[in-house]
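Chain residues, written in single-letter form:
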Amino acid sequence: MLHAFRPAALLAASVLVLLASTSDPADAQARAQPTLPTVKLTAGIHVITAEAATTDHSRTVGLMHRERLAPNHGMLFVFDDKSQQCFWMRNTILPLTIAFIDDDGTILQLADMAPQSDASHCSRRPVRYALEMEQGWFGKRGIAPGARVGGLPAPAK
């Protein structure tokens, strides 16, 4: 989930946290956002189907309350501007690995993120893209910083 440092995004995140804390856990799947449009990405010989989170709302909700990801599926966060991007895992029950990706598709860093944690995972440099996959997905395929991700969509202008 995106941990934004923008007032509007913080307000939206606060509302989501309040709703999550006052709702029945059985409603968790209902609170998860619907499936977003997907893009096909490549990382080496691997093809990834990634839901594209391109709005403030979809980036804020992220993969919250999802109980599983299909094999080779993830979520691509696309930002309009390059800046330091920070994510946390509040209300996210799946362990994930995040890749912070430069405009040319180069993976700059990877970070494992523990479920339901408020620990921030921030890009060391300004980025426009972040890709969340099942924890360990990149490592199991030998994909490390310096590898390239192909098929990134152009950000909205």
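Description of the structure in this document. Predicted, not measured: the structure shown is a model, and the values here were computed from it.

1. A word on the packing of aromatic side chains
Argument step 1. Across all of its chains, the model carries four aromatic pairs by this definition.
Argument step 2. For the ring pair Phe77 and Phe87, a centre distance of 4.8 Å and an interplane angle of 75 degrees mean the geometry is edge-to-face. Remark: Phe87 occurs in strand E4 (residues 86–87) and Phe77 occurs in strand E3 (residues 73–83); sequence separation between them is 10 residues. Each member of the pair Phe77 and Phe87 is classed as buried.

2. Here we look at the environment of Arg90
Argument step 1. Along the chain, the position of Arg90 falls in the loop between E4 and strand E5 (96–101).
Argument step 2. Sequence-wise, Arg90 and Met64 are 26 residues apart; in three dimensions their C-alpha atoms are separated by 7.4 Å.

3. Focus: the pairing of strand E2 (residues 46–53)
Argument step 1. Here E2 lies mainly inside the structure; six of its eight residues are buried.
Argument step 2. Direction of pairing for strand E1 (residues 38–43) relative to E2: antiparallel, over a ladder of six bridges. From the neighbouring strand, Ala43 faces E2, where its bridge partner is His46.
Argument step 3. Hairpin remark: E1 followed by E2, antiparallel, with two residues in the connecting loop; positive phi at Gly44, about 65 degrees.

4. Thoughts on the state of the cysteines
The term disulfide refers to a covalent linkage connecting the sulfur atoms of a pair of cysteines.
Argument step 1. Scanning the entire structure with this criterion turns up one disulfide.
Argument step 2. In this model Cys86 forms its disulfide with Cys122; the gap between the sulfur atoms is 2.0 Å. Between Cys86 and Cys122, the disulfide has an S-S torsion of 115 degrees and is therefore right-handed. Here Cys122 lies in strand E7 (residues 121–122) and Cys86 lies in strand E4, a separation of 36 residues in the sequence.
Argument step 3. A relative accessible area of 1% places Cys86 in the buried class.

5. Some thoughts on the pairing of E3
Argument step 1. Here five bridges tie E2 to E3, and the two strands are oriented parallel to one another. In the strand pairing of E3, Thr49 is matched with His73.
Argument step 2. One ladder, built from six bridges, connects E3 with strand E8 (residues 127–134); its direction is antiparallel. Looking across to E8, one finds that Gly74 is bridged to Met133.

6. Considering the nonpolar core
Argument step 1. Counting residues in each nonpolar core, the largest one holds 19 residues, and the members touching the most others are Leu41, Ile48, Leu76, Ile101, Leu131 and Phe138.
Argument step 2. For this core, the secondary-structure elements that each account for two or more residues are E1, E2, E3, E5, E8 and helix H4 (137–140).
Argument step 3. Not counting chain neighbours up to four residues away, the residues in contact with Phe138 comprise Thr97, Ala99, Ile107, Leu110, Leu131, Met133 and Ile143.
Argument step 4. One finds Leu36, Leu63, Phe87 and Phe100 within the second-largest nonpolar core, a separate group that totals 17 residues.

7. Quick word on the environment of Arg59
Argument step 1. By secondary structure assignment, the location of Arg59 is in helix H3 (residues 56–61).
Argument step 2. Considering only alpha carbons, one finds Arg59 and Phe77, 18 residues apart in sequence, at a separation of 6.3 Å.

Definitions and limits used
- Residues numbered from 1 in each chain as written.
- Predicted model: local features only at pLDDT ≥ 70, side-chain atom pairs only at ≥ 80, totals over all residues.
- Heavy atoms only, no water.
- Phe/Tyr/Trp six-rings, centres within 6.5 Å; stacked < 30°, edge-to-face > 60°.
- Helix = DSSP H or I, 4+ residues; strand = E, 2+ residues; numbered from the N terminus.
- Buried < 20%, exposed > 50% of the residue type's maximum accessible area, 1.4 Å probe, protein only.
- Pairing = 2+ DSSP bridges.
- Disulfide = S-S within 2.5 Å.
- Core = buried A, V, L, I, M, F, W, Y, C linked by side-chain atoms within 4.5 Å.
- Contact = heavy atoms within 4.5 Å.

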